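Here is how the chains run, residue by residue.
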Amino acid sequence: MSWGTELWDQFDNLEKHTQWGIDILEKYIKFVKERTEIELSYAKQLRNLSKKYQPKKNSKEEEEYRYTACRAFLSTLNEMNDYAGQHEVVSENLASQILAGLARYVQELKQERKSHFHDGRKAQQHIETCWKQLESSKRRFERDCKEADRAQQYFEKMDADINVTKADVEKARQQAQIRHQMAEDSKADYSSNLQKFNHEQRDYYHTHIPNIFQKIQEMEEQRIVRLGESMKTYAEVDRQVIPIIGKCLDGIVKAAEGIDGKTDSQLVIEAYKSGFEPPGDIEFEDYTQPMKRTVSENSLSNSRADSKAEPKFGGKPKGKLWPFIKKNKLSLKLGAAPEDFSNLPPEQRRKKLQQKVDELNKEMQKEMDQREAITKMKDVYLKNPQMGDPASLDHKLTEVIQNIDKLRLEAQKFEAWLAEVEGRLPARGEQRRQSGLYDAQPAPAVNNCAQARESSPDGSYTEEQSQESEVKVLATDFDDEFDDEEPLPAIGTCKALYTFDGQNEGTISVTEGETLYVIEEDKGDGWTRIRRNEDEEGYVPTSYVEVYLDKNAKGAKTYI
């Protein structure tokens, strides 16, 4: 099948059809372009969505992602970010593999089509010119023949008329001969033009037009093939990213399968565990025997009993302190949280101290790396003075060394507090020592209702006392009993390694290098009871002193 033979007379329709084919190709290009824009927009929206729900750095949300469910959600966000990247790949590949090539091809196709139809119109114009020449020579031949017939008839009329002179007859005869000659010439010209037109017409319909239409047919078929190839590429671009998208979805499924309720429950315990033991039963207080009242050591009202068990120093009653104290709550509300996190329960305090120690160690390592780098640079300047002045680095090096010393002292301070908590939490039912773990003062009142205790949102504990059940107990009521007790004997001496400012109730201040008497050694809670004189005694952290027990106390022991 050839358009040149089958559609030799459909020049105008072929022109319309090829233009329609180009319009279809341009429509497909527009479709692919809009698809690329949609893919880019979709990828951008997915990325923004993933970014919107990402945890903010150094925020409470970041801590929540310890839980397996939150980690799975974070993995989903990351996978969706990668998923969005694949849509960007689809857009880029569609633009590079289809749009760019088709855009160039359409321009080339338009030029080729224009050239072919220009040749066709040129051939049409040529055959039309030949036809006009043939028609002109034919009309001329017809006119000359009619003129020759009229001249011949006039001559015959003049020759038959006896009244006409011989000269007039001769003139008519010559005129008839001239007209006959002109008719013969027109006949020859018409015959020549007719042969020429027939030759041109055969070339037009059997050579020129078939060749032109064949080229147009090939051009159109190539356009159709190119459109089909582009559609295949369109599908392949999507197929190429399907494995990666599948991996993204597999990652989401794997993250979901990693969710473990038991693990999250354990993390909740680690996050909020206080380290305290639940209070025991409250024992019956027999008011019929005023001087033989007994109170459970595990009761929330045991500060009253402890005030009887502890001697007073310097005229101050020593009361047992629990973490359920109003002062901690008030100080937190005012934003005056203690540096050693003593407002927190023991377990939470240990975690905060450990976190602070790790942060300080990281900062100190950075400063040490910077010191090493500056030292190396200074050595290079010493060996090659032209590269720089070594003295210019002294100020920076001194500053870094000071920062290291400062961070080291800070880390030692927090490590000491951490050592007080780790392994030294009170194991006995009675806490007799004011350890400084809780920044508080002796509770002036006792509430014997365990339900009155409440936990503040920040993890610290308070004890709210109702007006109806509140019993006022003054420490001075027991001063006589304290005076009757004999002071404990000294079991050794100790030397203060560091200065300790005993601001809390029951503690004593010491100065570095000071020697004091030991009257009660560390019972495992991190505190040692010492005496300066008969009126001054109290507790100091064991890590702040070096203890020397006498021989009767199982030899000398050193705590550092």
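All right, on to the overall build of the chain then. A tally of regular secondary structure across the chain gives 11 helices and 9 strands. A burial count over the chain gives 36% of its 560 residues as buried. Put simply, 71% of the contacts in the chain that link residues at least 6 apart link residues at least 24 apart. Split by element, the accessible area of the chain, about 34,800 Å² in all, is 52% carbon and sulfur.

This part is about the nonpolar core. Membership of the largest hydrophobic core comes to 39 residues, with the highest contact counts inside it found for L25, Y28, V32, L94, I98, F213 and I216. Secondary structure elements with two or more residues in this core: α2 (11–52), α4 (68–160) and α5 (166–257). At 16 residues, α4 tops the list of elements feeding residues into this core. With residues near it in sequence (within four places) discarded, I98 still touches Y28, V32, N93, S230, T233 and Y234. Core analysis: the next-biggest nonpolar cluster, separate from the first, contains 16 residues, V357, I374, Y381 and L407 among them.

In terms of burial, strand β7 (residues 527–533) is a largely internal element, 5 of the 7 residues being buried. Following strand β6 (residues 515–520), the chain reverses through 6 residues before pairing antiparallel with β7; G524 in that reversal takes a positive phi of roughly 105°. As paired elements, β7 and strand β8 (residues 536–541) share 6 bridges and run antiparallel to each other. Across the sheet, residue T528 finds its bridge partner in β8, namely V540. The turn joining β7 and β8, which pair antiparallel and follow one another in sequence, is formed by 2 residues.

Position of T129 among the secondary structure elements: in helix α4. Relative accessible area serves as the criterion here: at 40%, T129 is assigned to the partly exposed category. A C-alpha to C-alpha distance of 9.3 Å links T129 and F197, two positions 68 residues apart in sequence.

A grouping of L49, Y53 and F73 is seen on the molecular surface, where their side chains present a nonpolar patch of about 290 Å² in accessible area. In this structure, L49 sits in helix α2.

The next subject is the packing of α2 against α5. Contact geometry for α2 and α5: axes closest at 11 Å, N-to-C directions at 15°. Here α2 is positioned roughly parallel relative to α5, judged by the angle of their axes. Here α2 and α5 pass one another in a crossing that is left-handed. Contacts between α2 and α5 pair F11, L14, H17, T18, G21, I22, I24, L25, Y28, F31, V32 and R35 from the former with F213, I216, M219, E220, R223, L227, S230, M231, Y234 and D238 from the latter. For the contact of α2 with α5, a count of residues per class yields 14 nonpolar, 4 polar and 4 charged.

Another aspect to go through is a negative patch on the surface. Among the surface-exposed residues, E108, E112, E218 and E221 lie close enough to one another that they form a single negatively charged patch. As for its position among the elements, E221 is in helix α5. On the basis of relative accessible area, E221 is assigned to the partly exposed category, the value being 43%.

Below, the discussion takes up the sheet that holds strand β5 (residues 492–496). Ordered by their spatial adjacency, 5 strands build an open sheet running β8-β7-β6-β5-β9, and the pairing between neighbours is antiparallel. Of all strands in the sheet, those bounded by a partner on one side alone are β8 and β9 (545–549). Across the sheet, the mean angle separating the axes of adjacent strands is 40° when strand polarity is ignored.

What follows covers the packing of aromatic side chains. The description of an aromatic ring pair uses the distance of the two centres, along with the angle that the planes make with each other. For the coordinates displayed, the defined rule picks out 13 aromatic pairs. Taking the centre distance of 5.6 Å and the plane angle of 40° together, the rings of F31 and Y234 count as tilted. Of the two residues, F31 sits in helix α2 while Y234 sits in helix α5, which places them 203 residues apart along the sequence. For Y234, a relative accessible area of 17% gives the class buried. The interplanar angle of 85° and the centroid separation of 5.2 Å between the aromatic rings of F414 and W417 together place this pair among those described as edge-to-face. With F414 and W417 both in helix α10 (residues 394–421) and 3 residues apart, this pair spans about one turn of that helix. Here F414 falls in the buried class, since its relative accessible area comes to 1%. Three or more aromatic residues link up through ring pairs in this structure, and these residues are Y498, F500, W527 and Y544. A cation over a ring is seen here: R226 above Y105, with NZ or CZ 4.8 Å from the ring centre.

Time to look at the confidence of the model for the chain. Where the model shows low pLDDT, its predicted coordinates should not be examined in detail. When the pLDDT values of the chain are averaged, the result is 78; 78% of them are 70 or greater. Across the chain, α2 holds the top mean pLDDT of 94, while strand β1 (residues 445–447) sits lowest at 35. Taken as a whole, residues 291–335 scores under 50 in pLDDT and shows 119 contacts with residues more than four places along the chain or in a different chain. Overall, residues 553–560 carries pLDDT values under 50, and its contacts beyond four positions in sequence, including any with other chains, amount to 14 contacts.

Attention shifts here to the packing of helix α9 (residues 346–383) against α10. The interhelical angle for the contact between α9 and α10, taken along N-to-C directions, is 160°, at an axis separation of 8 Å. In terms of orientation, α9 and α10 fall into the roughly antiparallel class. In this structure, the crossing between α9 and α10 has a hand that is left-handed. Of the residues belonging to the contact of α9 with α10, the class tally is 17 nonpolar, 5 polar and 13 charged.

Reading guide: rules and limits
Residues numbered from 1 in each chain as written. Predicted model: local features only at pLDDT ≥ 70, side-chain atom pairs only at ≥ 80, totals over all residues. Heavy atoms only, no water. Helix = DSSP H or I, 4+ residues; strand = E, 2+ residues; numbered from the N terminus. Buried < 20%, exposed > 50% of the residue type's maximum accessible area, 1.4 Å probe, protein only. Contact = heavy atoms within 4.5 Å. Areas by Shrake-Rupley, 256 points an atom, 1.4 Å probe, with all protein chains shown as cover. Core = buried A, V, L, I, M, F, W, Y, C linked by side-chain atoms within 4.5 Å. Pairing = 2+ DSSP bridges. Patch = residues over 30% accessible without salt bridge, like charges linked within 9 Å, V, L, I, M, F, W, Y side chains within 5 Å. Salt bridge = Lys/Arg side-chain N within 4 Å of Asp/Glu carboxyl O. Axes fitted to C-alpha atoms, helices over the stretch in contact; angles between N-to-C directions. Parallel < 35°, antiparallel > 145°, perpendicular 65-115°, else oblique. Left-handed = near helix turned anticlockwise from the far one by under 90°. Nonpolar A, V, L, I, M, F, W, Y, C, P; charged D, E, K, R; others polar. Lys, Arg positive; Asp, Glu negative; His and termini not counted. Charge placed at Lys NZ, Arg CZ, Asp CG, Glu CD. Phe/Tyr/Trp six-rings, centres within 6.5 Å; stacked < 30°, edge-to-face > 60°. Lys NZ or Arg CZ within 6 Å of the ring centre and 35° of its normal. pLDDT = per-residue confidence, 0-100.

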